[in-house]
Every structure is written in C-alpha cells, then in structure tokens.
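Examination of the molecular architecture
Spelled out, the chains give:
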Amino acid sequence: MSEQTALADLEREIATPGGGMDGLRLVAAPFVPEVRLHLAEDAILWWARMEAAAGRSLPPPYWASVWAGGQALARHLLDHPELAAGRRVLDLASGSGLVAIAAALAGAERVTANDVDPYAVAAVTANARANRVELAVTGGDLLDGPVHADLLLAGDVLYDAGLAARVLPFLQRAADRGVEVLVGDPDRGHLPADRLDRVASYPVPTTEPSVDSPVRRVHVLRPR
Ligand SMILES: C[S@@+](CC[C@H](N)C(=O)[O-])C[C@H]1O[C@@H](n2cnc3c(N)ncnc32)[C@H](O)[C@@H]1O
C-alpha cells in the first residue's frame, strides 16, 4: 500500500461521507476542541468495510480514533505554547496528527509528523488541511536513527511491549543528546516509572471499552 493510494482512498471517503457507523466524520477532539479530526464513528466497522472493499487485510486504523495519551499531550502543548513555539518538532507515531497539529497551533517553527501506517500519513495530511496548519508528514520507521528536532513528542506510543522496548531507548537517546522529549501516556502497562518524570496529569474523557470510567487520568512525562 503506497501513501498516494492511501491518501486517494481517504480523500474519497472524506468527500462522500455516509451517515452510518462505518463512516468518517470531521469532529472536534473531546479534550482538545481547538483541533478537528476526521475520525471513524466506529473504527472497527470502518476497518472491516475498507478491508472488504480492498479484498485484503489493512493495518488497524489507529488514526481513526482519539487516544487518551495524545489528547493529554496536545492539551498540554496548547496550554503551554512556549514548549513548542519557534521550535523544530517531531511527532512520533502521529496517528491522526492531533499532537502535531497542536504543536503547529502553538507556534512551532516546523512540525514533522511520522507514522509507519500509510493511512495515518494520509489522515495527518487531511487533518492538517482541515485545521489549516502546515506539517511535514513522513512515513517509515525512524526508531533506529537519530532525531533532528528540538522537541520530540510521543502520544500513546507505549501501548505494546514490543513497541515500547524500541520507543523508550529512542526517546532516551534523543533526551541524552539535548532534545526535549514529552510523552503522553495513560499507563497501558509499559511505562517505566523509574525512567520518566511526571510533568502534568489530565482527566481525559474516554470511551475505551477496557476502562470502566468515563474519565481516564493521563500523564505527560519526560525522561529523567
Ligand atoms: C495508539 S496510536 C497513537 C496515535 C497518536 N500519537 C495519538 O496519540 O493520537 C499509535 C500509532 O503508532 C503508530 N506506530 C506504530 N509503530 C510505529 C513506529 N515504529 N514508528 C512510527 N509510528 C508507529 C501506529 O501506526 C499508530 O498510528
């Protein structure tokens, strides 16, 4: 799947919105209403319809939902714009682009959004346009390379043990080289509390089926 094909697919979806649960809608992020995103009414149904149409499996559409970690980090950036203003920012594992868009709205000099999923690259492109911000959007896996940014952002990236085992050393290497690193995380079980300092906590609304409360406490952290 090329990024161009994914963008064409997504633009077709956006141009012909349906009223059903398997469609996309342009909506304000609940905890960051300054940002509007093309999100799925029900991401699993959207995924199933797209896979049926493509006749093959597609990556899970993480970009089609808001995530608690990304919402807390985006809120933090908009409430503390000095963190991003005038800086070169990299938003790792950008998903919908919520965090990258918040950094751009906060006045960053340049924001690069990266994600390995071509549909996420397409979604960030479409969402940047909807919010009238300019982002550089890159696909591919950056985790084994250096970081060329002043501020590295990682919203809800520690959701899986294998990924966390690669992301945490990447964040630490960047921090050791003087890059400011901020992580937004609701503690999905892969947060090394002894290696990160808590900067802020937010009560983020959630509809995640695994959480039996309408609000989830989410932390913004930085490596020690
Ligand atoms: C749970 S979503 C979070 C998205 C976004 N940061 C947010 O908070 O809204 C995780 C994202 O990580 C991306 N991802 C997974 N492995 C990655 C990697 N090695 N490099 C970049 N992105 C990756 C997935 O495609 C997905 O979009």
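In this report, the structure presented in the accompanying data block is examined. Everything numeric in this text was worked out from a predicted model, so none of it was measured.

Quick look at the nonpolar core
Residues Leu98, Ala102, Ala103, Leu152 and Leu153 are the most contacted members of the largest nonpolar core, which totals 69 residues. Residue assignment places this core across two domains, with domain 1 (3–64) and domain 2 (68–223) each supplying three or more. Apart from residues no more than four positions distant in its own chain, Ala103 is found in contact with Leu77, Ala84, Val89, Asp91, Ala108, Val111 and Leu153.

A short note on helix α5 (residues 118–130)
End to end, α5 covers 19 Å across 13 residues, agreeing with the expected 18 Å (1.5 Å per residue, within 8%). Of all 13 residues in α5, ten are buried; the element is thus mostly enclosed. What α5 keeps buried is the set Pro118, Tyr119, Ala120, Val121, Ala122, Ala123, Val124, Ala126, Asn127 and Ala128. Along its buried surface, α5 packs onto α1 (3–15), β2 (32–40), α4 (98–105), β4 (110–114) and β5 (136–138). Immediately beyond the C-terminal end of α5, within one or two residues, lies Arg132, with a positive phi of roughly 55°.

Conventions and cut-offs
- Residues numbered from 1 in each chain as written.
- Predicted model: local features only at pLDDT ≥ 70, side-chain atom pairs only at ≥ 80, totals over all residues.
- Core = buried A, V, L, I, M, F, W, Y, C linked by C-beta atoms within 7 Å.
- Buried ≥ 20, exposed ≤ 12 C-beta atoms within 10 Å, placed from the backbone.
- Domains from an automatic or database assignment.
- Contact = placed C-beta atoms within 7 Å.
- Helix = DSSP H or I, 4+ residues; strand = E, 2+ residues; numbered from the N terminus.
- Expected span 1.5 Å × (residues − 1).

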